[in-house]
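In case you want the letters, here they are:
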Amino acid sequence: MSDCYALPFGSRLYGTETTNSDTDWVVVWFPNQLDFVTGFTEVESKQTSPGVKNTKDDVDTKKMASTYVARKLMENDLYCYDVLFSPFADDYLKKNRHRLLPTDAEKFKAYVRQQVRLFDPVRYQNLEAFMENPDKFLVNGHYLVEGKDYQNLKQARKAVQGMLSAKSKVGWKNLSHAVRCTWLVENVFFAKTKFNYPEPSEVTFEYPLPVEVCERLVELKEQADLPFPDEVLLNETVAQLRLFLEKEFPVRSEKYKAHKLALLSTWALRNVTVGRPF
């Protein structure tokens, strides 16, 4: 694995690190012919403290083959777009950023939609209403809660109590990732610029994120350590995510997709030469 490079990742890439942040690294490496013949693992992870919450002393490393990164970029994967927009990306990726953008926004909207569903305050209000008066949810002798049909009150109460217990475990870090996702979609991936929207001839963004975005993400993440998280902040954030989900974004052309695939194939297979072996 001689042809590789390392990139700081996570909060230290975004600009949202705090004094308690751990350190994440991603190593991108480029397989050669021998690797393809003998076989190789595309993704390998090494954690300092697996199974427990990381501390500021922990260093986690993930090795990703270029073939994996290329495939995930074709699938519009948010994690691998952090590789593309890292200041430590190789020159080939930097030069072609505008040609390697997501082809549509559906995967990002699906992720944001998931977060909205998990943390929507209206959902918890309905669950609490059930606990106060379950008879209101009685339909044809069964209890209908969250679209699910429960045969009896005991079964329904147990399920709802489990859902309500998750309220105190709001994944503020995941919520911050959803906010970062919406910012990238609106301001980078599908930003309306003078450069040939929606298939731009230039992309100027590179991590870290703008200061005001970093401050907002840090505020969200820090809620996880507070005894009484800010309910107003949660409600406002979910409302903003809902507004994002109502927006429409373009689908880039088949020509753009084909060019993106060709560029990523060239990059990912740069250590593989094609020709007669003798």
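That block above? That's the structure.
Let me begin by describing the structure that accompanies this report.

Rules used throughout
Residues numbered from 1 in each chain as written. Predicted model: local features only at pLDDT ≥ 70, side-chain atom pairs only at ≥ 80, totals over all residues. Heavy atoms only, no water. Pairing = 2+ DSSP bridges. Helix = DSSP H or I, 4+ residues; strand = E, 2+ residues; numbered from the N terminus. Contact = heavy atoms within 4.5 Å. 1 Å grid on protein atoms, 1.4 Å probe; cavity = no way out; pocket = protein on both sides within 12 Å on 5 of 7 lines; lining within 4 Å. Points joined across faces, edges and corners; volume = space filled by probe spheres on them. Nonpolar A, V, L, I, M, F, W, Y, C, P; charged D, E, K, R; others polar. Axes fitted to C-alpha atoms, helices over the stretch in contact; angles between N-to-C directions. Parallel < 35°, antiparallel > 145°, perpendicular 65-115°, else oblique. Salt bridge = Lys/Arg side-chain N within 4 Å of Asp/Glu carboxyl O. Buried < 20%, exposed > 50% of the residue type's maximum accessible area, 1.4 Å probe, protein only.

### Re the sheet that holds strand β6 (residues 142-145)
Argument step 1. Pairing is antiparallel across the open sheet formed by 3 strands, whose spatial order is β5-β6-β7. The two strands at the open ends of the sheet, each matched to only one other strand, are β5 (138-139) and β7 (148-150).
Argument step 2. One ladder, built from 3 bridges, connects β6 with β7; its direction is antiparallel. Paired with Y143 across the two strands is Y150, which belongs to β7.

### Observations concerning the environment of R117
Argument step 1. With respect to the helices and strands, the residue R117 is situated in helix α6 (residues 106-119).
Argument step 2. If we skip the residues at most four places from it in the chain, R117 touches R123 and E146.

### Here's the deal with the layout of surface pockets
Argument step 1. One number sums up the size of the largest pocket: a volume of about 1300 Å³.
Argument step 2. Around the largest pocket, the lining comprises 45 residues; the ones closest to its centre are D22, D24, K173, H177 and K221.
Argument step 3. Counting residues per element, the ones that place at least two in the lining of the largest pocket are α1 (11-14), β2 (23-29), β3 (43-46), β4 (59-65), α4 (78-84), α6, α9 (172-189) and α10 (211-222).
Argument step 4. The biggest single contributor to the lining of the largest pocket is α9, with 7 residues.
Argument step 5. Looking at the lining of the largest pocket residue by residue, the classes come out as 15 nonpolar, 16 polar and 14 charged.

### Let's talk about the packing of helix α3 (residues 66-74) against helix α12 (residues 254-268)
Each pair of packed helices gets described by two things: the angle between the helix axes and the distance between those axes.
Argument step 1. Interaxial distance between α3 and α12 falls to 9 Å at its minimum, and their mutual angle equals 170°. The angle between α3 and α12 places the two elements in the roughly antiparallel class. Contact residues: S66, T67, V69, A70, L73 and M74 in α3; K257, K260, L261, L264, W267 and A268 in α12.
Argument step 2. The class makeup of the residues in the contact of α3 with α12 is 8 nonpolar, 2 polar and 2 charged.

### Overview of the pattern of salt bridges
Argument step 1. A full pass over the atoms with the stated rule returns 9 salt bridges.
Argument step 2. In this structure, K63 and E44 form a salt bridge, with 3.4 Å as the shortest nitrogen-oxygen distance. Here K63, found in strand β4, pairs with E44, found in strand β3; they are 19 residues apart in sequence, far enough to count as distant.
Argument step 3. Its relative accessible area of 25% is what places K63 among the partly exposed residues.
Argument step 4. Of the charged contacts in the structure, one is a salt bridge between D82 and R180, with a shortest N-O distance of 3.2 Å. Taken together, the residues D82 in helix α4 and R180 in helix α9 connect sequence positions 98 residues apart. There is no split in this pair, since D82 and R180 are both buried.

Scope: geometric values only; no functional claims are made or implied.
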